[in-house]
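# Structural features, examined
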Amino acid sequence: MSEKLLLIDGQSILSKAFYSLPNRMDSEGKSINGVYGFMHILFKTVSEEKINQVAVAFDGQGQSFRHKMFQEYKSLGEDLPIELLEQFEVVKKLLTLLNIEIIEKDNAESIDVIGSVIGNSSYEKIVLLTSDKLMLQLVDKNVKAGGGNHNGGYKYVVCPYITDGTNYHLGY
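A brief look at the structure comes next. (Residues numbered from 1 in each chain as written. Predicted model: local features only at pLDDT ≥ 70, side-chain atom pairs only at ≥ 80, totals over all residues. Heavy atoms only, no water.)

### As for the nonpolar core
Note that soluble globular proteins tend to have their nonpolar side chains buried in a common cluster. With 21 residues, the main nonpolar core has Leu6, Ile8, Phe38, Leu42, Val54, Val56 and Leu95 as its most contacted residues. Secondary structure elements with two or more residues in this core: strand S1 (4-9), helix H1 (10-20), helix H2 (33-49), strand S2 (53-57), helix H4 (82-97) and strand S4 (125-129). A total of five residues in this core trace back to one element, the largest contributor, which is H2. Among residues more than four places away in sequence, those in contact with Phe38 are Ile8, Gly10, Ile13, Leu14, Ala17, Val56, Val91 and Leu95. In this structure, Ile114, Ile126, Leu128 and Met135 belong to the second largest nonpolar core, which totals 16 residues. (Core = buried A, V, L, I, M, F, W, Y, C linked by side-chain atoms within 4.5 Å. Buried < 20%, exposed > 50% of the residue type's maximum accessible area, 1.4 Å probe, protein only. Helix = DSSP H or I, 4+ residues; strand = E, 2+ residues; numbered from the N terminus. Contact = heavy atoms within 4.5 Å.)

### Notes on the packing of H2 against H4
Packing of H2 against H4 brings their axes to within 9 Å, and their N-to-C directions diverge by 35°. Pair H2 / H4 crosses with right-handed handedness. Residue-level inspection shows Asn33, Gly34, Val35, Phe38, Met39 and Leu42 of H2 in contact with H4, the latter providing Gln87, Val90, Val91, Leu94 and Leu95. Of the residues that constitute the contact of H2 with H4, the class distribution is eight nonpolar, three polar and no charged. (Axes fitted to C-alpha atoms, helices over the stretch in contact; angles between N-to-C directions. Left-handed = near helix turned anticlockwise from the far one by under 90°. Nonpolar A, V, L, I, M, F, W, Y, C, P; charged D, E, K, R; others polar.)

### Digging into the packing of aromatic side chains
Scanning all chains against the criterion turns up two aromatic pairs. Taken together, a centroid distance of 4.9 Å and an interplanar angle of 85° make the contact between Phe18 and Tyr19 edge-to-face. Looking at Lys92, its charged tip hangs above the ring of Phe58, at a distance of 4.9 Å from the centre. (Phe/Tyr/Trp six-rings, centres within 6.5 Å; stacked < 30°, edge-to-face > 60°. Lys NZ or Arg CZ within 6 Å of the ring centre and 35° of its normal.)

### Topic: the side chain of Ser15
Within the fold, Ser15 resides in helix H1. Using a relative accessible area of 18% as the deciding quantity, one classes Ser15 as buried. A polar contact is formed between the side chain of Ser15 and the backbone oxygen of Gln11, at a distance of 2.8 Å. Beyond its immediate sequence surroundings of up to four residues, Ser15 is in contact with Leu84 and Phe88. (Polar contact = N/O pair within 3.5 Å; in protein donor to acceptor, adjacent residues only side chain to side chain.)

### Quick word on a nonpolar patch on the surface
Residues Tyr19, Leu80, Ile82 and Leu85 make up a contiguous nonpolar surface patch of about 380 Å² in total accessible area. Examined against the element boundaries, Leu80 turns out to sit in the loop between helix H3 (65-69) and H4. (Patch = residues over 30% accessible without salt bridge, like charges linked within 9 Å, V, L, I, M, F, W, Y side chains within 5 Å. Areas by Shrake-Rupley, 256 points an atom, 1.4 Å probe, with all protein chains shown as cover. Salt bridge = Lys/Arg side-chain N within 4 Å of Asp/Glu carboxyl O.)

### Some points on the pattern of salt bridges
Scanning all chains against the criterion turns up four salt bridges. Among the salt bridges present, the one from Lys92 reaches Glu104, with a minimum N-O distance of 2.8 Å. On the criterion of sequence distance, the pair formed by Lys92 in helix H4 and Glu104 in the loop between strand S3 (101-103) and helix H5 (110-119) is long-range, its members being 12 residues apart. A single network of salt bridges, built from pairs that share partners, joins Lys4, Glu49 and Lys144.

### Remarks on H1
Judged by how many residues are buried, H1 sits mostly within the fold: nine of 11 residues are covered. Within H1, burial applies to Gly10, Gln11, Ser12, Ile13, Leu14, Ser15, Ala17, Phe18 and Ser20.

In structure tokens:
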């Protein structure tokens, strides 16, 4: 069996789950729809892809180099709802309890961290879960990417990408 790493863009997958699923509440009345969707896709991927190792990347504290280059960078996305922000902490606590590695670096975004991990990885295969299309540049013969979709509910999908040298095509 080949060694396979599941690398999750925690920033994008949790956000997508939060906005895709109807609001769910825990026993204390706190919103957990993002947590539910994130954990669902995590467990389903580990099971279906026969994963050996899991790591989840999140944006670090502070501004990235992109903010310094372009002052308005992500200015529209900085006011995230408190219900989503609270769910980031819940997911991180759950990942810690499951002994899943959390990767964050100050002044770096999850895309930067993921690019570094993939570039320095010794795994034979990597499954990347993200909803960020910029991540497609990381796809090659050893890296496939996918994410979730909203089709009557949050559904896990892995879309292998096939490269013909310079162009990427969804391999449905």
